[in-house]
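Single-letter residue listing:
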Amino acid sequence: MIVLKQLETEDAVKYLFGLDDGNTIETLYMCDRERELTYHSTVCVSSQAGCAMKCRFCATGEGGIIRNLTAEEIFEQVNICDQNCRQGGYFPLDAVVFAGMGEPLLNYDNVITAMGLVKSRLGLRQFELATVGIVPNIRRLAEDVVKNGVSVRLNLSLHAPTDEKRARLIPMTTTYGVNEILDAGKYYADITGSRVRLRYMLIKGFNDTPDDLEQLPRLLDSKNMKLVLSGYNDNHISGLNAPDPLEVLDFYNKIKDKAECDIFRNFGGEIRGGCGQLRRNEKIS
């Protein structure tokens, strides 16, 4: 694996990696210089070249899926980023986030093996993983996290409170519905003793309505879960409109007394490295 190109901002670095077979992936390093967040220095790694999920808001799925990455290819993203942090004056890595290109729970064995490699070779034990909701592997992950003695903060990419609305964004909803995904999340929280985060990306005029405000808090009732709001990163997809920060804040203010929630701090948006913007490119942009 080689670094073909990288783009930098004050708090993020986006890498374009070339794989040995000629394919490419993108990876994002994020630096919380103010040390306000749980993890001050993280790398968001890809687990697949491309993605098969075809989430409507996500640029990664536009080119489809090429293949799973090997455990060594996943590890090497972390390793290169870690070396660059030490040489370039950034904070040493605190955690590895599996939320880049691909659905990590569809490359389960390699992702778990990569966690072990990161732990044994680099000494990192903090991980985070985002999934659209591969229910059997959410439950499997809970067992493996406990067995392997690592910390994996689970993020469920919800983005809508009902199956009907969510399926318009995430086709996988027809296989695993909202309630089934939330039940698996509750199981994960119970087994691992951790709080699961429900990621909710606001799309202007779609999932920010009064009905959504009423339905969302009910999903968290009696579940060890926390709502995390963010705004859609504009990928110039017809019919999807990004809210401005004040609209995200307005939604937060309307729901915060009904459900525990935070606003996600986006990294890398100005270099198209934000959530849903990584893609399999020949040129980094």
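Residues numbered from 1 in each chain as written. Predicted model: local features only at pLDDT ≥ 70, side-chain atom pairs only at ≥ 80, totals over all residues. Heavy atoms only, no water.

Describing the sheet that holds strand β9 (residues 151-157)
Taken together, the 10 strands give an open sheet; going across it, the order is β1-β2-β3-β4-β7-β8-β9-β10-β11-β12, and neighbouring strands pair in mixed fashion. The sheet is open, and its two edges are formed by β1 (2-8) and β12 (261-263), each paired on a single side. Strand after strand, the sheet turns through a mean of 25 degrees between neighbouring axes, direction not considered. (Pairing = 2+ DSSP bridges. Helix = DSSP H or I, 4+ residues; strand = E, 2+ residues; numbered from the N terminus. Axes fitted to C-alpha atoms, helices over the stretch in contact; angles between N-to-C directions.)

Topic: unusual backbone geometry
Here the phi dihedral of K54 falls at roughly 55 degrees; this positive angle occurs in a residue that is not glycine. Phi at H159 takes a positive value of approximately 70 degrees, unusual for a residue other than glycine. With respect to the element layout, H159 can be found in the loop between β9 and α4 (163-167). Here H159 falls in the buried class, since its relative accessible area comes to 6%. (Buried < 20%, exposed > 50% of the residue type's maximum accessible area, 1.4 Å probe, protein only.)

Some remarks on the pairing of β1
Bridging between β1 and strand β2 (residues 12-18) involves six bridges; their strand directions are antiparallel. Pairing of L7 across the sheet is with K14, part of β2.

A word on helix α2 (residues 108-122)
Side chains three or four residues apart in an α-helix point the same way, a direct result of the helix having 3.6 residues per turn. Helix length check: α2, at 15 residues, gives a terminal C-alpha distance of 21 Å against a target of 21 Å (1.5 Å per residue), a fit within 8%. Phi turns positive one or two residues past the end of α2, at G123, with a value near 80 degrees. (Expected span 1.5 Å × (residues − 1).)

Topic: the environment of Y232
Mapping Y232 onto the fold places it in the loop between β11 (225-231) and α7 (245-255). For the pair Y232 and G22, spaced 210 residues apart in the sequence, the C-alpha separation amounts to 31 Å. At a separation of 3.0 Å, a polar atom in the side chain of Y232 contacts the main-chain amide nitrogen of N235. (Polar contact = N/O pair within 3.5 Å; in protein donor to acceptor, adjacent residues only side chain to side chain.)

Observations concerning helix α6 (residues 210-219)
For α6, the set of buried residues is D212, L213, L216, P217 and L219. Considered in projection along α6, the buried side chains sweep an arc of 145 degrees and stay on one side of the axis. Residues P210 and R218 are exposed on α6 and point more than 90 degrees away from its buried face. Those residues of α6 that are buried lie in contact with α4, α5 (178-192), β10 (196-202), β11 and α7. (Arc of directions from axis to C-beta. Contact = heavy atoms within 4.5 Å.)

Comments concerning the pattern of salt bridges
Inspection of every chain in the model, using the stated rule, returns 17 salt bridges. Among the ionic pairs, R140 bridges to D109, the shortest N-O distance being 2.8 Å. Linking R140 in helix α3 (residues 135-148) with D109 in helix α2, this pair joins segments that are 31 residues apart in sequence. E214 is paired through a salt bridge with R218; the nearest N and O atoms lie 2.7 Å apart. One end of the pair is E214 and the other is R218, both in helix α6 and four residues apart, which spans about a single turn. By relative accessible area, E214 is classed as partly exposed at 46%. Via salt bridges that share partners, D21, R67 and E73 belong to a single interconnected network. (Salt bridge = Lys/Arg side-chain N within 4 Å of Asp/Glu carboxyl O.)

Looking at the packing of α2 against α3
In the contact formed by α2 and α3, the axes pass within 12 Å of each other and the chain directions differ by 25 degrees. Relative to α3, the element α2 lies roughly parallel. Crossing of α2 over α3 shows right-handed handedness. For the pair formed by α2 and α3, the contact residues are Y108, D109, I112 and K119 on the first element and N137, R140, L141, D144 and N148 on the second. For the contact of α2 with α3, the class distribution of residues is three nonpolar, two polar and four charged. (Parallel < 35°, antiparallel > 145°, perpendicular 65-115°, else oblique. Left-handed = near helix turned anticlockwise from the far one by under 90°. Nonpolar A, V, L, I, M, F, W, Y, C, P; charged D, E, K, R; others polar.)

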